[in-house]
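Each chain is listed here by its residues.
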Amino acid sequence: MLRSQSTRKLKRQWGTERHSTPLSIFHDKPSTRKMAYGGLAIIMTIGFWIAYVISTIIKEYFKGPITYQFVMESLGYLLIVTLLTFSALMYLIARQGALQRFSKHVRIPRADIDRYLEKNQPKVTVLIPSYDEEPEVVRKTLLSAALQEYPHIRIVLLLDDAPYPKDPAASDRLNATRQLVKEINDLFAAPRQLFESKLTEYLSELESSSHIRPEITKELAEHYAWAADWLDQLVNKEEIGDHVGEFFADEVVGGLSSELRLVYKALLASYNEKVSIPVNRISQLYKRLTWIFNTELDIFERKKFASLSHEPNKAMNLNSYIGLMGRTFDQVETPDGPILVPATEIQNGRNITFPDSEFVLTLDADSILRPGYCLRLVYFLQQPDNVRVAVVQTPYSSFRGAATRIERIAGATTDIQHILHQGMTYYNATFWVGANAIIRKSALEQISETEWVGNFEIRRYIQDRTVIEDTESSVDLAKHDWTLINYPERLSYSATPPDFGSLIVQRRRWANGGLIILPKLWSLVRNRKKQGNTMSKTEILIRVNYLASISWASFGLLFMLAYPIDGRLLSPLVIFAALPYFLAMSSDLKYCNYKRSDVFRIYGFNLILLPVNLAGVLTSIQQALSAQKIPFARTPKIKDRTVSPMLYVISPHLIIGISLVILWRGIMLENWGNAAFAAFNVITATWAVVEFIGIKNSVVDVWLGIKNWLYVPVKKKQKNQEKEHAQSLDWQAILYHGDAGMRLSNNASNQSTLTTLTPHVEEKEVVHS
């Protein structure tokens, strides 16, 4: 397939993938042997842990005499080993649940879905929150949502940038992003009008005659060929700059084109063989063409309105629009900016109405959906057995063919997590992942909270206490007896940070918040027990591990790295208890088309991310103590490298240094267990620093960190300083606010009431090189 290529040549590192072929939509059905090995791994992990406790810890206590130091060391080491073994066990259990689901999943035929949606067409609103994104990134997301084959779908881009930026570059980027909605609406106008008219002609012919012409099949085939050609032309105009662009062109637009061309060939074959296709199926195929192109795109910017929350997080961006859905407002101008006031009377053209829908599809601006995502997940929610399902999602997969080694290995962890999330659903322990999901709006209404800030009503559907808002909302939904499901197919994909600097922002955000949500989970457990609907122990353990494992794994690994453990506590049984976990992960990596040896790269990858995870955990503890919200830190998505903060560059080298000291000390004291563990950490961490950070990049980032620390830019003095500090009389603010208007005009003219109460603080730590 011909298509235009980007003029920019991406620099590819050695050791990366040369192909961009994604994983299959369908999971392979696991063999009986594989499932048996999975069960055996669980038994072995428990067995070796028990053997270690009996043969090492308890045995040493009976030997005696024991010192206070040994007692504390043994208890501490046993706690760490137990928690790390527990996390490994939860991995194996969730994995086993995923294998069970994959073995039973049967894909619903397309004809059954078309037959159902022909008569049942619940509306879907796609909400795409975007903040400081590149226009080409947002465009792919919008198009992937627009190409969803669904009867009634409305897409709203929720722009969260400052609406009137002073920086010319930011203004140009924002205007280009705003223009995307009109461009895509105009792009889809011609095929939408064509196929709506063809459907009308067909239905008119069907009403006037009880029989349809044999040629109608051939005409329908030609319509499918035209649609496929239109999509091919769209692909040919695409600029393929990287592996994400290749995926979008080949798998989203090209994949839909191939499917339509296949239908064209099938219809043409039936016409040539003079076989009559049932009238109902012909009608469904005509309607399918209108479903593909009848998308309606809109744009909304909450920061233009003083009556909406301006809190700096994705949750409140979504909440602001969801709170407006199904309601009609009048726009009133005030000195603080326009506000939305509930309309007292409906006047066409003078009110602002926000259409409502039964389902809401939330989609991150850096994520891409396959064309069948919306169709299949809404059909799933509409089944009688799923009336209490609030959220259905497909945990996102990674884009293959990354140009950097760190993006490749981070993508491998993403694909492993996809499997684990599928297994969590088997035990009713699903967490909303957040990058994509279809949500039943009635469920959001049930968990919503309302507060008043000044004279404005603020509705909170998705919690924003933490930056992992989707995780906390999962617990809220479970409290109201709603369930969440991970659909067992790969239908969504999301970008992975391509460098260490951007990965720091993402992983520190992921590590923050779990501990804060944990008390809410215990409350859920108690409430379920009082109601007689007791949660299973497996569900509780999986949920606890999901929320808290980063905390204990980070502190535990730090302790094992830095503290020379008494040789009497070391035993090969600890390694044997961890071995099933690593073997299972290597098998899962092979299943996802990675190398088995990548399990060692992931270990080193986690070592250099240890300071990042610790920072996220400590921030979570700080937030719990101070009750202050943490601003949402957007993961940078740029073509160039993101400079890493100096602390996170130096820390991996300190880990290597500490491990070298432990190695030398272990050799001197003939503590060979400690020495072997330290040597392994030195090798994997050094490998990770060289592969994922780079020696040159480390030197540059440290130098920039020192330079920024030593040199503080001097602010230029204003010429007219006296005039700037002079108080100006803002008569509009005085008439609107009263006496407070004078103070507002002196301190912050044209600043919204909510912004004054909750200022939009944005992270400015990311520097680009």
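It should be emphasised that the depicted structure is a prediction, and the values quoted were computed from it without experimental measurement.

**Thoughts on the overall build of the chain**
Right, so step 1: Helix and strand counts for the chain stand at 26 helices and 17 strands.
Right, so step 2: Residues counted as buried form 53% of the 769 residues belonging to the chain.
Right, so step 3: Residue pairs in contact within the chain that sit at least 24 positions apart in sequence constitute 83% of those at least 6 positions apart.
Right, so step 4: With the model as given, the accessible surface of the chain reaches about 36,000 Å², and the carbon-plus-sulfur share is 58%.

**Some thoughts on the environment of L518**
Right, so step 1: Inspection of the secondary structure assignment puts L518 in helix α15 (residues 514–530).
Right, so step 2: Once residues within four sequence positions are removed from consideration, L518 is found in contact with V544, L547 and A548.

**A short note on the nonpolar core**
Right, so step 1: In terms of nonpolar packing, the biggest core is built from 76 residues, with I128, L142, L361 and I438 touching the most fellow members.
Right, so step 2: Each residue touching I128, except ones within four places of it in the same chain, is listed here: T141, L142, A145, I155, V156, L157, L158, L363, D364 and A365.
Right, so step 3: Of all hydrophobic cores here, the second largest spans 68 residues; its members include A412, V599, L609 and A615.

**Quick word on the pattern of salt bridges**
Right, so step 1: Scanning the model with the defined rule gives 42 salt bridges in all.
Right, so step 2: A salt bridge links E311 to R460, with the nearest nitrogen and oxygen atoms 3.6 Å apart. Of this pair, E311 sits in the loop between β3 (296–300) and α9 (314–322) while R460 sits in strand β13 (residues 456–460), placing them 149 residues apart in sequence. Neither E311 nor R460 differs from the other in exposure class; each is buried.
Right, so step 3: Within the structure, one salt-bridge network assembled from shared partners comprises R110, D114, E149, E259, R281 and R288.

**What about the confidence of the model for the chain?**
Interpretation of this model should avoid reading the predicted coordinates in detail wherever pLDDT is low.
Right, so step 1: Counting all residues, the mean pLDDT for the chain is 87, and 89% of those residues have values of 70 or more.
Right, so step 2: Across residues 1–9 the pLDDT falls below 50, and counting only partners more than four positions away or on other chains, this stretch makes 20 contacts in the model.

So, how was this worked out
Residues numbered from 1 in each chain as written. Predicted model: local features only at pLDDT ≥ 70, side-chain atom pairs only at ≥ 80, totals over all residues. Heavy atoms only, no water. Helix = DSSP H or I, 4+ residues; strand = E, 2+ residues; numbered from the N terminus. Buried < 20%, exposed > 50% of the residue type's maximum accessible area, 1.4 Å probe, protein only. Contact = heavy atoms within 4.5 Å. Areas by Shrake-Rupley, 256 points an atom, 1.4 Å probe, with all protein chains shown as cover. Core = buried A, V, L, I, M, F, W, Y, C linked by side-chain atoms within 4.5 Å. Salt bridge = Lys/Arg side-chain N within 4 Å of Asp/Glu carboxyl O. pLDDT = per-residue confidence, 0-100.

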